[in-house]
Each structure stands twice: as structure tokens, then as C-alpha cells.
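So the chains spell out like this:
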Amino acid sequence: MTQTTPESDGPAAAATSTRPLVELRGVNKHFGTFQALADIDLTIPEGQVAIVIGPSGSGKSTLCRTINRLETIDDDGGLISIDGEVLPREGKALAKLRADVGMVFQSFNLFAHKSILENVTVGPIKVRGVKKAQATEEAMTLLERVGVAQQAKKMPAELSGGQQQRVAIARALAMKPKVMLFDEPTSALDPEMVQEVLDVMVQLAKEGMTMVVVTHEMGFARQVGDRVVFMDEGRILEDADPDTFFTAPQHERAKNFLGKILAH
């Protein structure tokens, strides 16, 4: 069942600039003989909300995970750059650039042995070198922003899935990233918890956060996205604004996909 979102001011209310923030050029990815990504060219300008959709196994999550090198790419000349700097394969330079890319996973990935507050402060303290008092103050502001400040002293297991995912968003934001990646952030949630996470993402979009969102939430894609990227078999088959994609898809595979998705 497709989830809807509250009425927004149209796709991402904040204006998109023309400065390219994320660029992929000729990116390929193989897992053994299986090609997960094939000749991916994609540019995401600052402030844009790019929605990536497609059938299972189409390469959506792999694409998302290559943007911060959680997945390596084939060593065949393809490149990925963040804000004009090419992502290196390893080392301190990679760690520095990766810190500019926030990531929210479908399974939350919180540190089970740390409190909610500690989960949000550990990155800024360890990676950015922020003083503990400042990190704590900023973390509480973020937890308030996502609606879970009152849970700060609790452990992740004491929170609902929706609350844990909102903490995961706060944790990513604490690093002051230039771009946020969301890999199916609501797929592991009970239906009644989905909306509370989408609401936070809607607000981020309105504030101008550059976002790449892999999702099955078609209501969110249509209302909040500036752009829909449709993938199948590791390739980008369509790249259009939401209205065009949902009302007049060009590729037969996209038409079949939407026919099945929107019928439920």
C-alpha cells in the first residue's frame, strides 16, 4: 500500500542550485560475474532531492552505497566525486570525504551499547574533533528536531523502530553532511511508523538538504522529489521530474513497474 505524505510546498520547497554536488561518471560494479551497475552517469545538484526507484535487484541500493564507497566500484575508469573532489579508493582522504556524506540505512545501524545521545555525539567527537560539550548541545538540538529528545538517555532497544530511524537521521545530520543518502529508510518499519520518518525527511527537503533517496514510497517520491531516477538491471532507464515520470513514463519497463506498484 502506497504511503502518502502531508501536503508540501511542491517538490522540495527550497530552490536547487546548479552546482553539482554528487557526480558519477561511467560507474560500473560487478559482484563476480553479475553486473550490478552498468555505465552509470548521474549528476545531482546542490539542494536537489533525487528519488531512486525500481524493482528489487535493479541496483538502487548498490548505487546509493557506492556514493560513499561503502561499495567499491570497478577499476575501469569510472569515477565518483563529491562537491568537485573525486572519491579515492581508500585512506584518510576517503574518510574525510565520506564524512561529508550522511547515510541512513533500512536497518537503523545504531550502536546497541551506546545511549541515544552517545550515538549522535560519537561521530562529531571522534571524526570531526568537536568538543564533547558542543557535540552534546548540537545533538540535543537535532534530537529535538526529529522529535526524540526525551529519549536521549535511553538505549536503542528501548525505542520503537520509527524512533530509532529518526535517531539514525539525527546521527547522520550531526556530521553536518553536504548530502544525505537514504537506502530504503522505511522498509523495515511497521506501517504506522513510516509516516513519522517521512515527515522528518519532508522537512529536510524543505530546508534544502541535498538528498538521494532509494524508496518504495511512491507518495513521497511524487510529492517531495525534484527528480525520479528509474533503474532496472543496473541501468538508469528514465530520469525525469516526478509529474512526467508518474503520468507519462517513456520506457516500457517503467510503465510495467508503475502499473504494478500503483495498482496496490
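Residues numbered from 1 in each chain as written. Predicted model: local features only at pLDDT ≥ 70, side-chain atom pairs only at ≥ 80, totals over all residues. Heavy atoms only, no water.

- Naming follows an unreviewed UniProt entry, where the protein appears as ABC-type polar-amino-acid transporter of Brachybacterium faecium.
- The protein has a UniProt comment under Subcellular location (unreviewed entry) that states "Cell membrane". (UniProt positions renumbered as here; feature names shortened; annotations may be inferred.)

### Topic: the UniProt feature "domain: ABC transporter" (unreviewed entry) in the protein
Thought 1: The sites that carry the UniProt feature "domain: ABC transporter" (unreviewed entry) are, in the present numbering, residues 22-258.
Thought 2: Between the end C-alpha atoms of residues 22-258 the distance is 27 Å, and the span holds 38% helix and 25% strand. (Helix = DSSP H or I, 4+ residues; strand = E, 2+ residues; numbered from the N terminus.)

### A few points about helix H4 (residues 132-145)
Thought 1: Compared with an ideal rise of 1.5 Å per residue, which puts 14 residues at 20 Å, H4 spans 20 Å between its outermost C-alpha atoms and is within 8% of the ideal.
Thought 2: Residues of H4 that are buried include every one of Ala 135, Ala 139, Leu 142 and Leu 143, and no others. Along the axis of H4, the buried positions cluster into a sector of 100°, meaning they face one direction only. Set apart from the buried face of H4 by more than 90 degrees, the exposed residues are Ala 133, Glu 137, Thr 141 and Glu 144. (Expected span 1.5 Å × (residues − 1). Buried < 20%, exposed > 50% of the residue type's maximum accessible area, 1.4 Å probe, protein only. Arc of directions from axis to C-beta.)

### Section: the sheet that holds strand E6 (residues 101-104)
Strands pair in a sheet through their backbones, by hydrogen bonds, and they do so in one of two ways: parallel or antiparallel.
Thought 1: With respect to topology, six strands assemble into an open sheet ordered E6-E7-E8-E3-E9-E10, the strand pairing being mixed. Of all strands in the sheet, those bounded by a partner on one side alone are E6 and strand E10 (235-240). Averaged over all neighbouring strand pairs, the angle between strand axes comes to 20°, with direction disregarded.
Thought 2: Strand direction decides the pairing type here: E6 and strand E7 (residues 179-183), joined by four bridges, are parallel. Considered in E7, the bridge of Val 101 is made with Val 179.
Thought 3: Sitting on the sheet, helix H5 (residues 161-173) is in contact with E6 and E7, with an inclination near 170° to E6. (Pairing = 2+ DSSP bridges. Axes fitted to C-alpha atoms, helices over the stretch in contact; angles between N-to-C directions. Contact = heavy atoms within 4.5 Å.)

### Structural notes on the layout of surface pockets
Thought 1: Taken as a whole, the largest pocket holds about 520 Å³ of empty space.
Thought 2: As for the largest pocket, its lining consists of 18 residues, and the residues nearest its centre are Arg 98, Ala 99, Val 101, Met 103 and Met 175.
Thought 3: Among the secondary structure elements, those contributing two or more residues to the lining of the largest pocket are helix H2 (92-98), E6, helix H3 (116-128) and H5.
Thought 4: If one sorts the elements of the lining of the largest pocket by residue count, H3 sits on top with four residues.
Thought 5: Partitioned by chemical class, the residues of the lining of the largest pocket number eleven nonpolar, five polar and two charged. (1 Å grid on protein atoms, 1.4 Å probe; cavity = no way out; pocket = protein on both sides within 12 Å on 5 of 7 lines; lining within 4 Å. Points joined across faces, edges and corners; volume = space filled by probe spheres on them. Nonpolar A, V, L, I, M, F, W, Y, C, P; charged D, E, K, R; others polar.)

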